[in-house]
Amino acid sequence: MSDTSACQSSTADVAGIGIRVNAYATLLLLAIIPVIPETEEILLGLYSMAGLAGLGLLVTAIILTAKNQLSLFDALFVLHLLLFFGIGATPTGKYKYTMVRFIVGVISRFIGIIAFTGWGLYLWIHARHFGPENQCNDRIKYVVMFVDVEATKPWLRGIWVAILAVSAVLLSVRAGVYSLVRYLRHEIEMEEREREENEDNGDQDGEWAIYAIVTLELMMWRNNLKHGGVVMMNDNYSWAFGQILSVVMIAAALNEVVHLILGQIEIKRRAHPKVTQVEEAADAVSQHSEGHTYPPRRLPGHVSVPERTYSPTSPSPRAADQPIGLLQ
């Protein structure tokens, strides 16, 4: 088989251009949006959207694997993306933490962990013969720290099997303890602790987001038939209905970000008004000379002066307070 012949094809339902743009935009928004009270609802929405998208990819990958319709390249792409995307359906509202919610939360987390770990272990254990077009699986490249590695290397598969097994145990323990503590503390202290942890890990999240995007695109580039790889990816760069829909779905999050920015600009504008004290004094002099009364201009943070009316014929306040005999 020549080095320029294609022996696998990638499906746009897994690694299409629209799906990648949606995933990359979500990762970047989660990385750059600061963790402040004003952004809490946006971040919760983004985390929920990322978890649902990851869950959809995982379910799609499991079904296609069961049908023997998922290539090794597409499976590696899904696995790599889910490491940063996560899976799950996180509620965005603040609801009372009851025993029923505790049980549902624990069960859903364990189902997600078992599904992801089981499918990942199956992928790496059967990497040599995974998928319908497995005759050239040993030529599929996986990117580790920006370096190409053959996906079927025994040491790479062994490391990934160990990582998935250990992480499954740790995630299961964390999910159980996390849900139990939230229930016992009525989620108040836990929310404050989560906010502090997110603030401490903000820079790290940004670095991981960039690493995820770069390594995924390197996998696309180095396995592409047009660049010396063995995977046909023509459909992955075409804007079909599903790809356009995936991009449009990110518009909801971008709309929230735009309104957040506009709101912050308005808050800063009101905190620094353009009306100065000099202009206020000039208005007061003009009102005094004309003998009219106008409502005083109020500024944020200033105490308004009570209204007083003077006419040109009435003595000035300073003269009226002095004894008449001193003026003769």
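Note: the structure precedes this text.
Everything quoted here is computed from the prediction, not taken from an experiment.

Trainee: When you look at the pattern of salt bridges in this model, what are you seeing that I'm missing?
Mentor: Pairing between side chains of opposite charge can happen when the charged atoms of each approach one another. Under the definition given, this model contains two salt bridges. A salt bridge links Arg20 to Glu217, with the nearest nitrogen and oxygen atoms 2.9 Å apart. Taken as a pair, Arg20 in helix H2 (residues 17-32) and Glu217 in helix H8 (residues 202-223) lie far apart in primary sequence, 197 residues in all. Arg20 gets classed as buried once you look at its relative accessible area, which sits at 3%. For Asp148, the salt bridge is made with Arg222, and the minimal N-O distance between the two is 2.5 Å. With Asp148 in strand S3 (residues 147-150) and Arg222 in helix H8, this pair connects stretches of sequence that are 74 residues apart. Its relative accessible area of 34% is what places Asp148 among the partly exposed residues. Arg222 gets classed as partly exposed once you look at its relative accessible area, which sits at 22%.

Trainee: What is the right way to look at a nonpolar patch on the surface in this model?
Mentor: A cluster of nonpolar residues, Leu28, Met145, Phe146, Ile210 and Val214, forms a patch on the protein surface that exposes about 450 Å² of accessible area. As for its placement among the helices and strands, Leu28 is situated in helix H2. A relative accessible area of 36% means that Leu28 is categorised as partly exposed.

Trainee: Help me understand unusual backbone geometry, please; the structure alone is not making it clear to me.
Mentor: Peptide bonds are trans in most cases, and residues, glycine excluded, mostly fall at negative phi. A positive phi is found at Asn68, a non-glycine position, where the angle reads about 55°. Within the fold, Asn68 resides in the loop between helix H3 (40-66) and helix H4 (72-85). For Asn68, a relative accessible area of 45% corresponds to the partly exposed category. Positioned with a positive phi, Met145 is a non-glycine residue whose angle comes to about 55°. Within the element layout of this structure, Met145 appears in the loop between strand S2 (141-144) and S3.

Trainee: Would you mind going over the side chain of Asn22 with me for this structure?
Mentor: With respect to the helices, strands and loops of the structure, Asn22 is situated in helix H2. Note on Asn22: relative accessible area 10%, which makes it buried. With residues up to four places along the chain from it excluded, the contact list for Asn22 reads Ser246, Met249 and Ile250.

Trainee: Which parts of the structure should I look at to understand H2?
Mentor: Along an α-helix, a turn takes 3.6 residues, which lines up residues three or four apart on a common side. A rise of 1.5 Å per residue sets the reference length of H2, with its 16 residues, at 22 Å; its end C-alpha atoms lie 22 Å apart and thus fit the reference within 8%. Burial analysis of H2 places twelve of its 16 residues in the buried class, the great majority of the element. If you check which residues of H2 are buried, you get Ile17, Gly18, Ile19, Arg20, Asn22, Ala23, Tyr24, Thr26, Leu27, Leu29, Leu30 and Ala31.

Trainee: Help me understand the nonpolar core in this model?
Mentor: Soluble, globular proteins show a tendency: their nonpolar side chains are buried together. Formed by 57 residues in total, the largest nonpolar core has its most connected members in Leu70, Leu76, Trp119, Leu123, Trp124 and Ile140. In terms of residue count, the dominant contributor to this core is H4 (ten residues). Once you skip the residues sitting within four places of it in the chain, Leu76 turns out to touch Leu123, Trp124, Ile140, Tyr142, Ala151 and Met219.

Trainee: Please clarify how the packing of aromatic side chains should be interpreted in this entry.
Mentor: To describe a pair of aromatic rings, you give the distance between the ring centres and the angle between the ring planes. Within the structure shown, the criterion is met by eight aromatic pairs. With 6.3 Å between their ring centres and 80° between their planes, Tyr142 and Trp160 make a pair best called edge-to-face. Note that Tyr142 is positioned in strand S2 and Trp160 in helix H6 (residues 154-184), a separation of 18 residues in sequence. Take Tyr142 and Trp160: they sit in the same class, and that class is buried. Three or more aromatic residues link up through ring pairs in this structure, and these residues are Phe84, Phe146, Trp208 and Tyr211. If you follow Arg20 out to its NZ or CZ, it ends over the ring of Tyr237, 5.1 Å from the centre.

Trainee: Sorry, what's going on with the side chain of Ser246 here?
Mentor: In this structure, Ser246 sits in helix H9 (residues 241-249). Overall, Ser246 belongs to the buried group, its relative accessible area being 13%. What Ser246 contacts, discounting residues up to four positions off in sequence, is Gly18, Ile19 and Asn22.

Thresholds, definitions, all that
- Residues numbered from 1 in each chain as written.
- Predicted model: local features only at pLDDT ≥ 70, side-chain atom pairs only at ≥ 80, totals over all residues.
- Heavy atoms only, no water.
- Salt bridge = Lys/Arg side-chain N within 4 Å of Asp/Glu carboxyl O.
- Helix = DSSP H or I, 4+ residues; strand = E, 2+ residues; numbered from the N terminus.
- Buried < 20%, exposed > 50% of the residue type's maximum accessible area, 1.4 Å probe, protein only.
- Patch = residues over 30% accessible without salt bridge, like charges linked within 9 Å, V, L, I, M, F, W, Y side chains within 5 Å.
- Areas by Shrake-Rupley, 256 points an atom, 1.4 Å probe, with all protein chains shown as cover.
- Contact = heavy atoms within 4.5 Å.
- Expected span 1.5 Å × (residues − 1).
- Core = buried A, V, L, I, M, F, W, Y, C linked by side-chain atoms within 4.5 Å.
- Phe/Tyr/Trp six-rings, centres within 6.5 Å; stacked < 30°, edge-to-face > 60°.
- Lys NZ or Arg CZ within 6 Å of the ring centre and 35° of its normal.

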